[in-house]
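Given next are the chains, with one letter for each unit.
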Amino acid sequence: MNPAARLCVALLAASVICAWPALGQDQPEPSGIVSLTVTSQPYDPLLPWNKIAEQTLRGNAVVVKGRKLITTADLVKNANLLEVRKFGRYPDFPARAVLVDYDLNLALLEVTDPRFWSDLRPLPLADRPVLLGRFTINRWRANGRFEEGTGEVVDYLVSNSPYGLMEYPILRGTTAMTGLGWAEVLTSQGNLIGLISSHAKGQIEAINSDLLQLLLLAASSPQYTGFAHRGFAWQRLNQTHLREFFELDNSATGVLIRHVFPGGTGSLELRPLDILHTIDGYDIDPEGRIEHPTYGPLLFTMAINQSLAPRIPVVLQRNGQKMRLSLRRSRFAADDYRIPPPLFDRPVDYEVFAGLVLQELTVGYLRAWGNDWRNKAPARLVIEYTLNRLRKSESAAEKVVIISRVLRDPSNLGYEDVANAIVRETNGHAIASLSDFRKAIRSPIDGYHQIDLMPGQGRERLIFEDAKLAANNARVRQRYGIPEK
Amino acid sequence: MLIIAPIRGASNYVSLLRALSAVWVTALAIGPAVAEAAFEDDRVERAIVSIQVTQQRSDWYSPWQRTRPTQTSGSGFLIGPRRIMTNAHVVSDARQIIVRRNQDSRPYFAEIEFIAHDSDLATLKVPDPAFGRGVKPLEVGNLPSLRSRVRTYGYPAGGEKISRTEGVVSRIQFITYLHSGADSHLGIQTDSAINPGNSGGPVIQEGQVIGVAFQTNVRLNDVGYFIPAPVIRRFLNDISDGGYDGYGDLGIVISNLINPSYRKFLGLHKDMMGVVVDRILPGASADGFVFKNDVITAIDDVPIMTDGTIDYYGYSLNFEQIAEEKQIGELVKLTLWRDGKLIDVRFPLRAFEEADRMRSQFDTFPRYFVFAGLVFMELNREYLKSFGNYWENADKHLLYAHFFSFMESEKGFEDHVILARILPHGINSAYAGMVNYIVNTLNGVPIRKLEDLELGLRSSQGAFHRFELSPGELVLVLDKEKAAKAHPEILTAYGIDKDRRL
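Residues numbered from 1 in each chain as written. Chains lettered and ligands numbered in written order. Predicted model: local features only at pLDDT ≥ 70, side-chain atom pairs only at ≥ 80, totals over all residues. Heavy atoms only, no water.

**What to know about helix H10 (residues 450–459) of chain B**
All names here are of chain B.
Then comes step 1: Leu-450, Leu-453, Glu-454, Gly-456 and Leu-457 are the residues of H10 that are buried. On an axial view of H10, the arc spanned by its buried residues comes to 165°, and they lie on one face.
Then comes step 2: Considering only its buried residues, H10 is in contact with strand E21 (368–371), strand E22 (374–378), strand E23 (417–422), strand E24 (437–442), strand E26 (464–470) and strand E28 (500–501). (Buried < 20%, exposed > 50% of the residue type's maximum accessible area, 1.4 Å probe, protein only. Helix = DSSP H or I, 4+ residues; strand = E, 2+ residues; numbered from the N terminus. Arc of directions from axis to C-beta. Contact = heavy atoms within 4.5 Å.)

**Observations regarding helix H9 (residues 396–408) of chain B**
Residues and elements named next belong to chain B.
Then comes step 1: His-402 marks the point of greatest bend in H9, at about 45°.
Then comes step 2: Where burial is concerned, most of H9 is hidden: 12 out of the 13 residues are buried.
Then comes step 3: Listed in full, the buried residues belonging to H9 are Lys-396, His-397, Leu-398, Leu-399, Ala-401, His-402, Phe-403, Phe-404, Ser-405, Phe-406, Met-407 and Glu-408. (Bend = angle between axes of the 7 residues up to and from the residue.)

**Concerning the packing of helix H8 (residues 379–388) of chain A against H9(B)**
Then comes step 1: At a minimum axis separation of 10 Å, H8(A) and H9(B) run at an interaxial angle of 115°. What the angle tells us is that H8(A) and H9(B) run roughly perpendicular. The handedness of the crossing between H8(A) and H9(B) is left-handed. Between H8(A), through Ala379(A), Arg380(A), Val382(A), Ile383(A), Thr386(A) and Leu387(A), and H9(B), the contact on the second element is made entirely by Lys396(B), His397(B), Leu399(B), Tyr400(B), Phe404(B) and Glu408(B).
Then comes step 2: Class assignment for the residues of the contact of H8(A) with H9(B) results in 7 nonpolar, 2 polar and 3 charged. (Axes fitted to C-alpha atoms, helices over the stretch in contact; angles between N-to-C directions. Parallel < 35°, antiparallel > 145°, perpendicular 65-115°, else oblique. Left-handed = near helix turned anticlockwise from the far one by under 90°. Nonpolar A, V, L, I, M, F, W, Y, C, P; charged D, E, K, R; others polar.)

**A few points about empty space enclosed by the protein**
With a probe scaled to a water molecule rolled over the atoms, the places where space remains empty come into view.
Residue and element names in this part refer to chain B.
Then comes step 1: Counting across every chain of the model gives 2 cavities of 30 Å³ or more.
Then comes step 2: Looking at the largest cavity, its volume works out to about 50 Å³.
Then comes step 3: Together, Arg-357, Leu-379, Ala-401, His-402, Ser-405, Phe-406, Phe-413, Glu-414 and His-416 line the largest cavity.
Then comes step 4: Residues that form the lining of the largest cavity fall into these classes: 4 nonpolar, 3 polar and 2 charged.
Then comes step 5: By volume, the second largest cavity is sized at about 30 Å³.
Then comes step 6: What lines the second largest cavity is Pro-230, Val-231, Arg-234, Tyr-247, Gln-321, Glu-324 and Glu-325.
Then comes step 7: Those elements that provide at least two residues to the lining of the second largest cavity are helix H4 (229–239) and helix H6 (320–324).
Then comes step 8: Counting residues per element, the lining of the second largest cavity draws most heavily on H4, which supplies 3 residues. (1 Å grid on protein atoms, 1.4 Å probe; cavity = no way out; pocket = protein on both sides within 12 Å on 5 of 7 lines; lining within 4 Å. Points joined across faces, edges and corners; volume = space filled by probe spheres on them.)

**Notes on the confidence of the model for chain A**
Then comes step 1: Chain-level pLDDT for chain A is 90 on average; 93% of the residues reach the 70-or-more range.
Then comes step 2: In this model residues 1–28 of chain A is a low-confidence stretch, pLDDT under 50, and it forms 47 contacts with partners more than four residues away in sequence or in other chains. (pLDDT = per-residue confidence, 0-100.)

**Remarks on the pairing of strand E11 (residues 208–216) of chain B**
Residue and element names in this part refer to chain B.
Then comes step 1: Most of E11 sits out of view: 7 of its 9 residues are buried.
Then comes step 2: Judged from the 4 bridges that link them, strand E10 (residues 202–205) and E11 form a sheet pairing that is antiparallel. Looking at the pairing, Pro-202 lines up with Val-212 of E11.
Then comes step 3: Relative to strand E12 (residues 224–228), E11 runs antiparallel, the two sharing 5 bridges. Bridge assignment links Val-212 to a residue of E12, and that residue is Ile-227. (Pairing = 2+ DSSP bridges.)

**As for the side chain of Arg318(A)**
Then comes step 1: Position of Arg318(A) relative to the elements: it lies in strand E19 (residues 311–318).
Then comes step 2: Owing to a relative accessible area of 10%, Arg318(A) belongs among the buried residues under this scheme.

**Focus on the sheet that holds strand E2 (residues 55–64) of chain A**
All names here are of chain A.
Then comes step 1: Overall, antiparallel pairing links the 6 strands, which are arranged E1-E2-E3-E6-E5-E4 in a closed barrel. Averaged over all neighbouring strand pairs, the angle between strand axes comes to 40°, with direction disregarded.
Then comes step 2: Across 3 bridges, E2 lies against strand E3 (residues 68–71) in antiparallel orientation. Bridge pairing in E3 links Val-64 to Lys-68.
Then comes step 3: Helix H4 (residues 209–219) contacts E2, E3, strand E5 (93–101) and strand E6 (106–110) of the sheet and is inclined by roughly 55° relative to E6.

**Let's talk about the domain arrangement of chain B**
All names here are of chain B.
Then comes step 1: The domains assigned to chain B are domain 1 (16–45), domain 2 (47–248), domain 3 (252–349) and domain 4 (366–501).
Then comes step 2: Taken residue by residue, the interface counts 6 residues in domain 1 and 12 residues in domain 2.
Then comes step 3: A buried area of about 810 Å², summed over both sides, lies between domain 1 and domain 2, and 45% of it is on carbon and sulfur atoms.
Then comes step 4: Counting the surface domain 1 buries against domain 2, the share from its top three residues, Arg-43, Val-44 and Glu-45, is 75%. (Domains from an automatic or database assignment. Buried area = accessible area lost by both parts, 1.4 Å probe.)

**Side note on the interface of chain B and chain A**
Then comes step 1: Taken together, the contacts link 40 residues of chain B with 39 residues of chain A.
Then comes step 2: Where chain B abuts chain A, roughly 3500 Å² becomes buried across the two surfaces, and 57% of that area is made up of carbon and sulfur atoms.
Then comes step 3: Remark: the boundary between chain B and chain A carries 4 salt bridges.
Then comes step 4: Measuring nitrogen to oxygen at the nearest pair gives 2.6 Å for the salt bridge that ties Lys264(B) to Glu465(A).
Then comes step 5: Taken together, the links from chain B to chain A amount to 17 residue pairs in polar contact (both at pLDDT 80 or more).
Then comes step 6: Its residues assigned to classes, the side of chain B that touches chain A shows 21 nonpolar, 8 polar and 11 charged. (Salt bridge = Lys/Arg side-chain N within 4 Å of Asp/Glu carboxyl O. Polar contact = N/O pair within 3.5 Å; in protein donor to acceptor, adjacent residues only side chain to side chain.)

**Looking at unusual backbone geometry**
Then comes step 1: Note that the residue after Tyr90(A), namely Pro91(A), is joined by a cis bond; omega there is 5°.
Then comes step 2: Counting through the fold element by element, Pro91(A) comes out in the loop between strand E4 (79–85) and E5.
Then comes step 3: Cis geometry is found at the peptide bond from Ser470(B) to Pro471(B), where omega equals 0°.
Then comes step 4: The topology assignment puts Pro471(B) in the loop between E26 and strand E27 (474–479).
Then comes step 5: With a phi angle near 50°, Arg67(A) is a residue other than glycine that sits in the positive phi range.
Then comes step 6: Along the polypeptide, Arg67(A) turns up in the loop between E2 and E3.

**Describing the sheet that holds strand E9 (residues 183–190) of chain B**
Residue and element names in this part refer to chain B.
Then comes step 1: Read around the closed barrel, 6 strands run E7-E8-E9-E12-E11-E10, paired in antiparallel fashion. Strand after strand, the sheet turns through a mean of 50° between neighbouring axes, direction not considered.
Then comes step 2: Across 3 bridges, E9 lies against E12 in antiparallel orientation. Within E12, the residue paired with Gln-189 across the bridge is Tyr-225.
Then comes step 3: Here H4 sits on the sheet and contacts strand E8 (163–177), E9, E11 and E12; the angle it forms with E12, its principal contact strand, is near 45°.

**What about the environment of Ala421(A)?**
Residues and elements named next belong to chain A.
Then comes step 1: As for its position among the elements, Ala-421 is in strand E24 (residues 421–426).
Then comes step 2: Given the relative accessible area of 2%, Ala-421 is considered buried.
Then comes step 3: C-alpha separation for the pair Ala-421 and Asp-101, spaced 320 residues apart in sequence, amounts to 32 Å.
Then comes step 4: Those residues in contact with Ala-421, other than ones at most four positions away along the chain, are Val-401, Ile-402, Ile-403, Leu-453 and Gln-457.

**Section: the side chain of Ser330(A)**
All names here are of chain A.
Then comes step 1: Mapping Ser-330 onto the fold places it in the loop between strand E20 (321–328) and strand E21 (350–353).
Then comes step 2: On the basis of relative accessible area, Ser-330 is assigned to the buried category, the value being 9%.
Then comes step 3: Other than its neighbours up to four places away in sequence, Ser-330 contacts Ala-228, His-229, Gly-264 and Thr-265.

In structure tokens form, the structure reads like this:
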């Protein structure tokens, strides 16, 4: 569900009689959960110099130690204004995000007005995740009432974060409540066990207390730059012939490293066809699971972010020899991706060249086609994302440059149909970033600019006269209201 | 009036009534022209047939077997003694064809004489000499003019009797022929209703066939399409030597030259027209004759505009229409602007069989190879269609390999062998997640065709068969002896009588 729709659901839910108990006047109002109102205004992925209309989102935040609030990053992304309110009553206090980790989908907020903190006390974090049974779902409604409902744990699943490749165990549960997904607070026996990150058809997903704890720990570390990512692809070795082929005994450990990609944990130390037997002291079974002391069986990749230690010990088999190595914990920063995850809180870089709008392809751009973007966005771009979203070389600058659209102008007459086309070369130079493009257009060939596009997407070459370029660019900017950078 | 004399026998009661009615209208109002039209209507309707077909498609999921037979129906018309024209899609994959003439309920068995899946046309022969006796076949006319009135005849759903609808020619242009899904030819849009069952029926103007109804656009109201006379005539010419050869393909990817800067860059004189060549598909007709950055200014001396159109009998059509009308082996002349000079090149049109994988397949059986429960097939349009809505359901790497890689590679079309399915057995069930991956190598040897796979398995020396799959460099290993032992067990368990069709 898109944010606007989710807000509508939330508002609708607020306007009807709730099927769940609201606290009566005689019940104490929660002092560890506050309501959060976010005025959000993202940039328009299709016209990147524009911002789209602002929208107001309402959700929840939890009071944690150190006079901080924790909520989901999803809720505070692209925020122009954050306001918090305690006990559902006036006044609203301005808040500020001091740390937003889109990989974890968590954000820490601070409120500088000391009056806000009076009467509030941190909600204690649960020592251990709740693996089975019921939990309480707590939220503030738009009408200033506090509401409690219940849900039940289904399981924990190692999953990618919505805006990155970090893998961690997500709490999955069921509930009859509706309009969730805005950092509603899960508690058990009065302790915080998670924040709801998504909700659909009675199923919720929540960021569990271990990760909340991890973020709080990381936030206090000056070395914190974000969590680690897996820098290798792997394959199960759960077939007898496969194990025999790799001369593995039946000791029931080991998965196959298929390939490594630049950046990410293990990319420097692992090699294709390594057999990975243990990670961080856990045996990896042939299906890639470890027996976690808290969660039970889980995919081994979760161990990459179990702690903040700089290295992870592993045991592997290479060319028949067992060896011990330690993998450097490392991550893909957003700029390390060839096709980065959605970039929030900042404008997207672009170039307007004779009416051509050039951008680096991002998942944010693809999401302009809606939640079903994998099927609705231009096929060639989705394919590029699916097959090549990670960079192929060590160059962090490697990106996919596209002409997203053509702003019609006499200078691009005949090129109007070019849209969502991948730029391959400009003036004979390979293009793997907007920076490459900017450099390339400094060197026209015999007075002309040649832009070569990836074949199969319509016309393959665009030609412009260099002598007319400045005038053409100025006209396009003036006609279409594009600001000077 | 004598004009109704061709209506034979009192048994043709409805036709007789219609004819008499027409005479009545003629007598009272319009006069001889309407009577003539009524006569023409009757003559046309007598030549129209309904076609009932039992179809049985190949099964692209279980390629060793066929799908359940289905009953379909369409329309057709006599173009010669006991010779019927209809759409290819009406009779493709037919197991039995029965035709009935208008006002004659007797069924006649028919056989496919020629079928052209690329242009969605077919001719049928009816062995019974009684069929169509005394009926004058319809003749093929010419390209109708825009906004002229046409009549569509056939047996659409909703009734058993012949239907006639009227409309006007609203658009003449190249369109995609949905039957093959990959061919574009001249097509005509009309607002004359064309519904399921109309397929194969004639579109008539002044008593002549000017089109064959064949497809519609469900997103638009009152829009139908018919195959125009030039395409029909080309098909009839093609089969006149006793075989259907199909269309040649120039294999040229072009861009318009509307942009003045681009024209200046190419050194074109101010009054020169034409289109620029972006790419030549390896192995197509123009390969070796035309090159990237050539400007094609004329085809067979017909000037090409900067948007790629030519003046075709007063219509602005894609320049490839000239090549469309030629038969395989005929010469095409292109006038090119190359290196600052105008030159002429001539080359024969050739069939571009490499592109067949882009077309839907009919009247053929899928190639496959089964080994130890691993079902291997070749990537083509039918394989993708087995996903249903393949744009949404098929793996993206398959869409890339099928629709994009040949354009992005200098090699052009390349074959891909897919691990299409795994028939679960203890020996392979752990590999279930590898379905729909592309087979890159077997024991280190590149695999492009099913034959490579067969040879590789037969000549393998080690104790294991090792397949490498992409994307992601997945490894699939089978113990050679155990796989050979399991192979017949799996075939028996899954009811597969032959482990390959190569």
